[in-house]
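Examining the three-dimensional arrangement
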Amino acid sequence: MNMFESKPVEIRAAPHLKRPQAVDEIMRNVVYALLPVVAFSVWLFGISVLALVLTTTVVAMATERLFSHLSGQGNTLGDWSVVITGILLALTLPPGFPLWMAAVAAFIAVGLGKSLFGGLGFNVMNPALVGRAFVQAAFPVAITTWTPAFAPGRFTEFIPSTLAMPFMKPPPVDEWIDGLGMDGFTGATPLALQKFEQITLDVGDLFLGGVAGSAGETSALIILLGGLYLAYRRMLDWRIPFGVMAGAALVATPLWLMDGQAYPSPLFIWFSGGLMLGAWFMASDMVASPVTAKGALLYGALIGVLTVVIRLFGGLPEGVMYAILLANAASPLIASFTQPKAYGTQRRPKGET
């Protein structure tokens, strides 16, 4: 070969930078990071949570397969994204949530929250939260019915409401709890106790887990470890959960310092409810969040601020779901404002078109 002979140059369309990990590898590792959260929730609440996770995941996968077949996309189950949707959806629901309602939530999450927009990479909002928001409006009583952790017989029998027949009133949870001899259970989550009765649970208990709430409101420690694992593997942008925590503390700290009886501490805000799960596993959705560094921080901070505002000044004790959905909607605007200027370009003078 002539030393002066030039080699052909291959020209391809952007983007030219590729991540070292494939999409299915990233999604599979997210599932791995969620499994300890699921296992701890099953240990707390028993086989009802296991049935809940299996139901939402199987229905989500079946819905994904149905819509991908109808749209001619082929089998898209291999990217693992719908498995994440099913698991996350289950973790946002009460442990004794009726399975038929959970199936409806999973169908809406995938059908309306994902497939309607074109599938993986095109969803505007987090699909799991879309499904959760639907059942929040459709089944307000069931979505706010809580059961105690460490109930006797939780590994041998279901919570009565779990197997409720479709469109039939579930058995009263209060009678079931009384039958267990757990008279001290109030049926309220730590957030509800703080908001409506000004009773603040110990932060250490919240951090380690073992309180009433959604299946994913378990151990903040386990959720944090799973999130840090993904951040270490560069499978999520650490700026987003950091922004969420910083935004929440920015609002909660001055209020707590002014009146520690009426307003909870930033640590209580961090470790209670679904903030940790939302910050590390939902807000960090790569499709529905900004890709710029500044945008990721601003996006996360917006979620943290909105969560605290809704919790403390809204009518609901929890605000993570609505905060993330609102931030998802604002994500394109945040991305446009934080887009770095291309090298060599100049600002146009005012009045010039």
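Numbering of residues starts from 1 in each chain and follows the order in which that chain's sequence is written. Given that this is a predicted model, residues contribute local features only at a pLDDT of at least 70 and side-chain atom pairs are listed and counted only at 80 or more, while totals for whole chains, interfaces and linings are drawn from all residues. The side-chain numbers reported here are obtained from all heavy atoms of the structure, hydrogens and water having been left aside.

1. Re the overall build of the protein chain
What counts here: Helix and strand labels come from DSSP, where a helix needs a run of H or I of at least four residues and a strand needs a run of E of at least two; each type is numbered from the N terminus. Partly exposed residues are those whose accessible area sits between 20% and 50% of the maximum for their type, while under 20% is buried and over 50% is exposed, using a 1.4 Å probe and protein chains only. In what follows, a contact means two residues having at least one pair of non-hydrogen atoms within 4.5 Å. The protein chains shown are the only cover counted for residues, whose accessible areas, like all others here, come from Shrake-Rupley with a 1.4 Å probe.
Each helix and strand in the protein chain was counted, giving 14 helices and 0 strands. Along the protein chain, from the amino end to the carboxyl end, the secondary structure elements read α-α-α-α-α-α-α-α-α-α-α-α-α-α. The proportion of buried residues among the 353 residues of the protein chain is 48%. For the protein chain, restricting intrachain contacts to residue pairs at least 6 apart in sequence, the fraction spanning at least 24 positions comes to 77%. For the protein chain, the accessible surface area stands at approximately 18,000 Å², while carbon and sulfur atoms represent 66% of it.

2. As for the environment of V37
Within the element layout of this structure, V37 appears in helix 1 (residues 23–45). On the basis of relative accessibility, which here comes to 1%, the residue V37 falls in the buried class. For the pair V37 and I223, spaced 186 residues apart in sequence, the C-alpha to C-alpha distance is 6.4 Å. The residues touching V37, leaving out its near neighbours within four places in the chain, are L91, T218, I222 and I223.

3. Focus on a nonpolar patch on the surface
Inclusion rule: Without a salt bridge and with relative accessible area above 30%, a residue can belong to a patch; like charges are then joined within 9 Å and nonpolar side chains (Val, Leu, Ile, Met, Phe, Trp, Tyr) within 5 Å. Each salt bridge in this description consists of a side-chain nitrogen of Lys or Arg and a carboxyl oxygen of Asp or Glu lying within 4 Å of one another.
Judged by side-chain polarity, L112, L116, F117, F122 and V124 come together as a nonpolar surface patch covering roughly 490 Å² of accessible area. Tracing the backbone shows F122 in the loop between helix 4 (99–111) and helix 5 (127–138).

4. Notes on the pattern of salt bridges
Opposite charge on two side chains allows them to pair when their charged atoms are near. The tally for this structure, following the rule as stated, stands at 4 salt bridges. Across the salt bridge formed by R311 and E318, the nearest N and O atoms sit 2.9 Å from each other.

5. A look at the nonpolar core
For the record, the criterion: To form a nonpolar core, buried Ala, Val, Leu, Ile, Met, Phe, Trp, Tyr and Cys residues must be joined to one another through side-chain atoms within 4.5 Å. An automatic or database domain assignment is the source of the domain bounds shown.
Residues L34, F97 and F281 are the most contacted members of the largest nonpolar core, which totals 83 residues. Here this core takes 12 residues from helix 1, the largest share from any one element. Residues from two domains meet in this core; each of domain 1 (20–145 + 147–184) and domain 2 (188–337) gives at least three. In this structure, F281 is in contact with V30, A33, L34, L88, I223, G226, G227 and L230, ignoring residues within four places of it in sequence.

6. A short note on the side chain of S272
Spelled out, the test is: Here a polar contact is recorded for every N or O atom pair within 3.5 Å, except that within protein the pair must consist of a potential hydrogen donor and a potential acceptor, and residues adjacent in sequence are included only if both atoms are side-chain atoms.
Mapped onto the elements, S272 comes out in the loop between helix 11 (266–271) and helix 12 (275–282). Accessibility expressed as a relative area gives 0% for S272, which makes it buried. A distance of 2.5 Å separates a polar atom in the side chain of S272 from the backbone oxygen of F268. Those residues in contact with S272 that lie beyond four places of it in its chain are L191, L206 and R311.

7. Some thoughts on the packing of helix 10 (residues 239–258) against helix 13 (residues 293–313)
Going by this rule: Working convention: axes come from line fits to C-alpha atoms, limited for helices to the stretch in contact. Angles between N-to-C directions cover 0 to 180 degrees. Each angle is binned into one of four classes, with values under 35 degrees roughly parallel, values over 145 roughly antiparallel, values of 65 to 115 roughly perpendicular, and all other values oblique. With the far helix as reference, a near helix turned anticlockwise by less than a right angle produces a left-handed crossing, and one turned clockwise produces a right-handed crossing.
Put simply, helix 10 and helix 13 touch, their axes get as near as 6 Å, and they point 40° apart. Here helix 10 lies oblique to helix 13, going by the angle between them. Between helix 10 and helix 13 the crossing geometry is right-handed. In contact with R239, I240, F242, G243, V244, G247, A248, V251, A252 and L255 of helix 10, helix 13 contributes A293, A296, L297, Y299, G300, A301, I303, G304, V305, V308, L312 and F313.

8. Section: the packing of aromatic side chains
Here is the rule: Classification of ring pairs uses Phe, Tyr and Trp, with its six-membered ring standing for Trp, and accepts pairs whose centres are within 6.5 Å; under 30 degrees between planes counts as stacked, over 60 as edge-to-face, and the remaining range as tilted.
Taken as a whole and assessed by the stated rule, the structure comprises 9 aromatic pairs. Consider the rings of W238 and F242, whose centres lie 6.0 Å apart with planes at 70°: the pair is edge-to-face. Residue W238 is classed as partly exposed on the basis of its relative accessible area of 47%. Taken together, the aromatic side chains of F40, W43 and F150 make up a single cluster linked through ring pairs.

9. Considering helix 1
Selection criterion: The span you would expect from a helix comes to 1.5 Å times its residue count less one. Bend at a residue means the angle formed by two fitted axes: the first through the 7 residues ending at that position, the second through the 7 residues beginning there.
Compared with an ideal rise of 1.5 Å per residue, which puts 23 residues at 33 Å, helix 1 spans 32 Å between its outermost C-alpha atoms and is within 8% of the ideal. A bend of about 30° at L34 is the largest found in helix 1, and the proline P36 appears one to four places after it. Taken from the residues just after helix 1, G46 is the one with a positive phi, measuring 90°.

10. Let's talk about the environment of P94
By the element assignment, P94 lies in the loop between helix 3 (81–91) and helix 4. Residue P94 is classed as buried on the basis of its relative accessible area of 0%. Separated by 122 residues in sequence, P94 and G216 place their C-alpha atoms 8.7 Å apart. Setting aside its immediate chain neighbours within four residues, P94 contacts L52, A142, I143, T145, W146, G213 and S214.

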